[in-house]
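Okay, here's what each chain looks like letter by letter:
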Amino acid sequence: VQLVESGGGLVQAGGSLRLSCAASGSTFSINAMGWYRQAPGKQRELVAAFSSGGSRTKYADSVKGRFTIYRDNAKNMMYLQMNSLKPEETAVYYCNAEVYDPSSGIYYRWGQGTQVTVSS
């Protein structure tokens, strides 16, 4: 499984961005997917994710009501719509997939990340 993010950029506080994650390879083996972010000097943190099986979503408390995670299974795409962005949300945003392989079990794939910069 390979993941490629896009859609990052520079936006003013209060603005919006939509991030995209394209999955390729053995996408049928993906259990769950989500978005994480890592700001300079901070640990990587969960932003939003689909549960295993994709029936539920979860969000970090800080983004509830402003961010929406959704996907297009037919296109193997996942998105993160981010509204009312704040300067403190400047970070590299990563797409993550939990993958199951019968021979090796569960492992995780990460994309290369896309930079989101929110100016004040």
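Here the structure is shown first, and the text comes after it.
My aim in this report is to walk through the structure given alongside it, one point at a time.

Before going further, it helps to spend a moment on the nonpolar core. The biggest cluster of nonpolar side chains holds 29 residues, and the ones touching the most others in it are Trp35, Leu80, Met82 and Tyr93. The greatest single-element share of this core, amounting to five residues, is contributed by strand 9 (residues 91–101). Sequence-distant contacts of Met82, defined by excluding residues within four places in its chain, comprise Gly15, Ser16, Leu17, Leu19, Arg66, Phe67, Tyr93 and Val116.

Turning next to the layout of surface pockets. Over the atoms, a rolling probe the size of a water molecule traces out where space has been left empty. One number sums up the size of the largest pocket: a volume of about 190 Å³. Considering the residues around the largest pocket, the lining is formed by 13 residues, among which Thr27, Ile30, Met33, Arg71 and Asn73 are closest to the centre. With four residues, the single largest contributor to the lining of the largest pocket is strand 4 (residues 30–38). Taken together, the residues of the lining of the largest pocket break down into five nonpolar, six polar and two charged.

About the thresholds
Residues numbered from 1 in each chain as written. Predicted model: local features only at pLDDT ≥ 70, side-chain atom pairs only at ≥ 80, totals over all residues. Heavy atoms only, no water. Core = buried A, V, L, I, M, F, W, Y, C linked by side-chain atoms within 4.5 Å. Buried < 20%, exposed > 50% of the residue type's maximum accessible area, 1.4 Å probe, protein only. Helix = DSSP H or I, 4+ residues; strand = E, 2+ residues; numbered from the N terminus. Contact = heavy atoms within 4.5 Å. 1 Å grid on protein atoms, 1.4 Å probe; cavity = no way out; pocket = protein on both sides within 12 Å on 5 of 7 lines; lining within 4 Å. Points joined across faces, edges and corners; volume = space filled by probe spheres on them. Nonpolar A, V, L, I, M, F, W, Y, C, P; charged D, E, K, R; others polar.

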